[in-house]
Amino acid sequence: MASGKRSIWSRLPVVHQLRQSVGLQRGMLIVGLVLTALFILVAIFAPVIAPYGFAQLKDAHGQFGSQQPPSPAHIWGTTVGGYDVFSRVIWGAQTAILVIVVAVILSIFAGVILGLVSGYFGGWVDRVLVVIADAIYAFPSLLLAIVMAIVISGGQSSLWGGILAAAISITVVYIPQYFRVIRSEVVRIKAEAYVESAKVVGASNSRIMFRHVLRNSTRTLPLIFTLNSSDAILTLAALGFLGFGIEPTAAAEWGYDLNKALSDVTSGIWWTSIYPGLAIVLVVLGITLVGESLNDLADPRLRGRRRAAVASGQVAETSVVPGGPLEAGPGGIDGLEGGESFDEHGIEVKP
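Residues numbered from 1 in each chain as written. Predicted model: local features only at pLDDT ≥ 70, side-chain atom pairs only at ≥ 80, totals over all residues. Heavy atoms only, no water.

Asker: How would you explain the pattern of salt bridges if you had to name every residue and give the values?
Answerer: Scanning the model with the defined rule gives four salt bridges in all. A salt bridge links D257 to R88; its shortest N-O distance comes to 2.9 Å. With D257 in helix α12 (residues 254–260) and R88 in helix α5 (residues 85–121), the pair connects residues that are 169 residues apart, well separated along the chain. As far as the burial class goes, D257 and R88 line up, both buried. (Salt bridge = Lys/Arg side-chain N within 4 Å of Asp/Glu carboxyl O. Helix = DSSP H or I, 4+ residues; strand = E, 2+ residues; numbered from the N terminus. Buried < 20%, exposed > 50% of the residue type's maximum accessible area, 1.4 Å probe, protein only.)

Asker: Residue-level account of unusual backbone geometry, with values.
Answerer: For Q67, which is not glycine, the phi dihedral falls at a positive 55 degrees. Position of Q67 relative to the elements: it lies in the loop between β2 (62–63) and α5.

Asker: Residue-level account of the environment of Q25, with values.
Answerer: By secondary structure assignment, the location of Q25 is in helix α3 (residues 23–44). For the pair Q25 and V290, spaced 265 residues apart in sequence, the C-alpha separation works out to 10.0 Å.

Asker: Give a description of a nonpolar patch on the surface that names residues and reports values.
Answerer: Taken together, the side chains of L106, F139, L143, V147, V151, I152, L164 and I168 define a hydrophobic patch exposed on the protein surface, amounting to about 640 Å² of accessible area. Here I168 lies in helix α8 (residues 159–189). (Patch = residues over 30% accessible without salt bridge, like charges linked within 9 Å, V, L, I, M, F, W, Y side chains within 5 Å. Areas by Shrake-Rupley, 256 points an atom, 1.4 Å probe, with all protein chains shown as cover.)

Quick look at the structure:
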């Protein structure tokens, strides 16, 4: 019974990856998981953690004041607009995770469907979709996101309007990535014997596509999801920094706060910029470490090297330098016959 429980536990995604990882790779994965889990928990419990609202300017004691230094009432100080920095950073995690979820889900849905249709049917549909995807992929991603944000919201957004505008603009950028991955997998899988057998027995195209091809072509999606999530945070921050993000009265956004803190840096007011910037760095670092670690663990060549290293055990140190250490023999130096030695040219000398 205990072994059964261990086998179920070992099949869990995160636990399975941790058991596969070794050395520095395991350390990177653990650090990434801790930072990502902390980010998610802060986003979920933002209403409980944040002492003030993201747009709150006063409490029972009056106005917060502009650019106030850290104090017991405002542990990270206040911004030039009079907002509490700590509360804005905490609420910004919630905005970031909402944009990530909406953007990545939309891009996965659109990219997977288009890639599946393009790779399975081929022909002129495939050529047209490939050309469109390549054109979008070749366009500068941030500029494309800015254009989409202006088209969707005109640069002025409410909470959900801003989240959807940022998410859709990011979605357009990421659809070609999912499209390329799924299309290449579908082109490979549709030539497999079990797909041909399904066609022979009369299975419909929709059944073959969604039952046989799709489930075998989405194995790399979790890896792309983690890597694109960090890119989505940077794109959202860039939109806010350039003034095309979410309005401060609608939601807290780290890029907007950094933009308003530019003039503070030259005046020696450091607390309005360091905390939003540090939040972006830590979240992107955590998600990137998870994505890179999962990518390494999914590479069969790296797994094969690790297994070979473990199976071979500790390799004896050898030297081909004349007169150098000889430790590969059955007994190393001690395995030589009694009294034997080497001269300065590395030639064995007997007494």
